[in-house]
Amino acid sequence: MKNKELKILLSAPRGFCAGVERAIEIVEKSILKYGAPVYVRHEIVHNKFVVDDLKSKGAVFVEELEEIEDKTRPVIFSAHGVPKKVPEDAKNYNMTYVDATCPLVSKVHREAENLHRAGYHLILIGHQNHPEVIGTMGQLPKGSIDLIQNEDDAKKYNTKNRKISYVTQTTLSVDDTSDIIKILKDRFPSIKEPAKEDICYATTNRQMAVKNIAKKCDLFFVIGSRNSSNSVRLVEVAKKSGCSNSQLIHSQSEIPFDLIENSNTIGISSGASAPEILVDNFINELKNRFTVS
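Below or above, wherever it landed, is the structure these notes cover. Being a predicted model, the structure only gives us computed values, none of them experimental.

In this section: the sheet that holds strand 5 (residues 97–99). Taking strand neighbours across the sheet as the criterion, the four strands line up as 3-2-4-5 in an open arrangement whose pairing is parallel. The sheet is open, and its two edges are formed by strand 3 (59–62) and strand 5, each paired on a single side. Within this sheet the neighbouring strands show an average axis-to-axis angle of 25°, counted without direction. Strand direction decides the pairing type here: strand 4 (residues 75–77) and strand 5, joined by three bridges, are parallel. Its bridge partner lying in strand 5, F77 is registered against D99.

Written as structure tokens, this is what we have:
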């Protein structure tokens, strides 16, 4: 029996962004420079494959500095950024630290600080408990920045402050964020917006690429981790753009061959922290069963 023909639309750009490549390289170079172990506070990027690979080379991942038993060893801060208190704690421990925060996240940090200094009360649009959000809120004194997660929050938000401004997490859905911003601008006409978009270009152009192909697909797969904000957003974008059957393929996923069997065209993209080898492996699995173009 001839294999079923399957058309794959491969999203471009996809996969690693510059901030992720830079962060991984910082860990690898630190291991070469300082020898193993090198500690990393929080997963350097949200991908199990990447984290396991770096563990095998001598990186040890911790959530907090106090977990590090040998404080003479260097520690690296993840690409998502850290609250101000973390480098201060590292200094108090006399630790060597390397900051692998993505420069586009650092840009939002500086922006928040400058606005705070200029007398603005800040709103951060983002997802609660995401390390990037914890890092950005941790740049400012408690009570000077509020989190808004969705349109409902934006509708209910109240403040006595006359001067307000907003910044956003870098990995949000472009469309959802613009809906939230519209509500805020309607409610607070004098709200100050960032000089330049905070959602990073890698997030934006990966979402655009998915939008362009999702409507032509029967099924859409995003390769990435469950805790990767930008990967989860890509699945949402694919669903909203016309492919209701879109799902995340993560390290524990079973490939749904039965669904693929009933599809003619499938779309594939990958999150900004997912290495291309995971996309290649996925496509090879499909080539074993189908005639792929």
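For helix 2 (residues 48–57), the complete set of buried residues consists of V50, V51 and L54. Mapping the buried residues of helix 2 onto a view down its axis gives an arc of 95°, with all of them on the same face. Between the side-chain oxygen at the start of helix 2 and the backbone nitrogen of F49 there is a gap of 3.0 Å, and the oxygen is on N47. Just downstream of helix 2 lies G58, where phi reads positive at about 120°.

Another aspect to go through is the sheet that holds strand 6 (residues 121–125). If you walk across this open sheet you meet the three strands as 7-6-8, and the pairing is parallel. In the strand order of this sheet, the two ends are held by strand 7 (145–148) and strand 8 (164–168), each with one partner. Mean inter-strand twist for the sheet, computed between neighbouring axes without regard to direction, equals 30°. In terms of strand pairing, strand 6 meets strand 8 through five bridges, oriented parallel. For I125, the partnering residue across the bridge sits in strand 8 and is T168. This element, helix 4 (residues 103–117), spans strand 6 and strand 8 of the sheet and lies at about 175° to strand 8. Across the sheet, helix 7 (residues 174–187) lies against strand 6, strand 7 and strand 8, angled at about 150° from strand 6, the strand it touches most.

With that settled, consider the pairing of strand 10 (residues 246–249). When strand 9 (residues 219–223) meets strand 10, the two strands line up parallel, connected through four bridges. If you follow V222 over to strand 10, its bridge partner there is L248. As for the winding sense of the linkage, the β-α-β connection from strand 9 through helix 9 (residues 229–240) to strand 10 is right-handed.

Before going further, it helps to spend a moment on the packing of aromatic side chains. The description of two aromatic rings rests on the distance between their centres and on the angle between their planes. Taken as a whole and assessed by the stated rule, the structure comprises three aromatic pairs. Centre to centre, the rings of F77 and Y97 are 5.1 Å apart; their planes meet at 25°, and the pair counts as stacked. Residue F77 is located in strand 4, and its partner Y97 is located in strand 5; the two are separated by 20 residues in the primary sequence. Ring centres 6.0 Å apart and planes at 75° place the aromatic pair Y157 and F188 in the edge-to-face group.

Now for helix 1 (residues 18–34). With 17 residues, helix 1 should cover 24 Å at 1.5 Å per step; its first-to-last C-alpha distance of 24 Å lies within 8% of that length. All of the buried residues along helix 1 are G19, V20, A23, I24, I26, V27, S30 and I31. Buried residues along helix 1 cover an arc of 145° about the axis, so they all sit on one side. Projecting away from the buried face of helix 1 at angles above 90 degrees are the exposed residues K29, L32 and K33. In this fold, the buried residues of helix 1 make contact with strand 2 (38–41), helix 2, strand 3, strand 4 and strand 5. Immediately downstream of helix 1, the backbone of G35 shows phi near 75°, a positive value.

This paragraph deals with the pattern of salt bridges. Counted by the stated rule, this structure contains 15 salt bridges. K57 is the partner of E28 in a salt bridge, and the nearest nitrogen-oxygen pair spans 2.8 Å. Pair noted here: E28 is in helix 1 and K57 is in helix 2, with a separation of 29 residues, a long-range link. Residue E28 is classed as partly exposed on the basis of its relative accessible area, which comes to 28%. Take K57: its relative accessible area is 39%, and that puts it in the partly exposed class.

The next subject is the pairing of strand 11 (residues 265–270). With six of six residues buried, strand 11 lies mostly within the body of the structure. Along strand 11, one buried face is formed by T265, G267 and S269 and the opposite face, lined by I266, I268 and S270, is buried too. Pairing between strand 1 (residues 5–10) and strand 11: four bridges, direction parallel. If you follow L10 over to strand 11, its bridge partner there is I268. Sheet analysis places strand 9 next to strand 11, joined by five bridges and oriented parallel. For I223, the partnering residue across the bridge sits in strand 11 and is S270.

How each quantity is defined
- Residues numbered from 1 in each chain as written.
- Predicted model: local features only at pLDDT ≥ 70, side-chain atom pairs only at ≥ 80, totals over all residues.
- Heavy atoms only, no water.
- Pairing = 2+ DSSP bridges.
- Helix = DSSP H or I, 4+ residues; strand = E, 2+ residues; numbered from the N terminus.
- Axes fitted to C-alpha atoms, helices over the stretch in contact; angles between N-to-C directions.
- Buried < 20%, exposed > 50% of the residue type's maximum accessible area, 1.4 Å probe, protein only.
- Arc of directions from axis to C-beta.
- Polar contact = N/O pair within 3.5 Å; in protein donor to acceptor, adjacent residues only side chain to side chain.
- Contact = heavy atoms within 4.5 Å.
- Right-handed = clockwise from strand over helix to strand, strands pointing away.
- Phe/Tyr/Trp six-rings, centres within 6.5 Å; stacked < 30°, edge-to-face > 60°.
- Expected span 1.5 Å × (residues − 1).
- Salt bridge = Lys/Arg side-chain N within 4 Å of Asp/Glu carboxyl O.

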